[in-house]
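Summary of structural features
Letter by letter, the chains look like this.
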Amino acid sequence: MRTDAIKQNIINNYKQLSAMAKVKPDKKSEIPVWGLNYKKQGVSGFVGEFGNIRRNRASIRISENNIQLVKKPFFSTWKRTLKKINNMLADVKSNINNKNIVNKKVVTLLCFPKDTLSKLKG
């Protein structure tokens, strides 16, 4: 596979994972933020809602359907690193309901209107 095809495959896998991991808020003032922790056979990884993807010591960031290359192992090429990240995303997608491999974390952020914030402050 060429590097561009691998990048496009990573973006497609990430979009599918985003759709699978979305959580509906309980109240209008809450914003749920999800993250997936992956651990299997010595490989650990993280996929976050804001486009951060980490696999062992390699990490990339997805924003606006573009991949920003952040960090890779010293003795590896970007092509090999992207292949490994793509394989991890495919494995996360297939094992998303297996709690021994993929742990889903959700953090809820509370949002307040400006007038409520001013009342809380003083």
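Quick summary incoming for the structure in this document.

1. What about unusual backbone geometry?
Look at Asn56: it is not a glycine, yet its phi comes out positive at around 50 degrees. Structurally, Asn56 is set in the loop between strand S3 (52–55) and strand S4 (58–63). Although it is not a glycine, Asn65 adopts a positive phi angle of roughly 60 degrees. Within the secondary structure, Asn65 is located in the loop between S4 and strand S5 (66–71).

2. Some remarks on the side chain of Asp91
Checked against the element boundaries, Asp91 lands in helix H2 (residues 78–94). Of note is the side chain of Asp91, whose polar atom sits 2.4 Å from the side chain of Tyr38. With residues near it in sequence (within four places) discarded, Asp91 still touches Tyr38 and Lys40.

3. Comments concerning the sheet that holds S5
The antiparallel open sheet is built from six strands, whose spatial order is S5-S4-S3-S2-S1-S6. Lying at the two open borders of the sheet, with one neighbouring strand each, are S5 and strand S6 (102–110). For this sheet the average axis-to-axis angle between neighbouring strands, irrespective of direction, equals 15 degrees. Where strand S1 (residues 30–40) meets S6, nine bridges bridge the pair, whose relative direction is antiparallel. Among the inter-strand pairings, Asn37 is bridged to a residue of S6, identified as Asn103. Along the sheet face, helix H1 (residues 3–21) touches S1, strand S2 (43–48), S3, S4, S5 and S6 and points at about 120 degrees away from the line of S1.

Calculation rules
Residues numbered from 1 in each chain as written. Predicted model: local features only at pLDDT ≥ 70, side-chain atom pairs only at ≥ 80, totals over all residues. Heavy atoms only, no water. Helix = DSSP H or I, 4+ residues; strand = E, 2+ residues; numbered from the N terminus. Polar contact = N/O pair within 3.5 Å; in protein donor to acceptor, adjacent residues only side chain to side chain. Contact = heavy atoms within 4.5 Å. Pairing = 2+ DSSP bridges. Axes fitted to C-alpha atoms, helices over the stretch in contact; angles between N-to-C directions.

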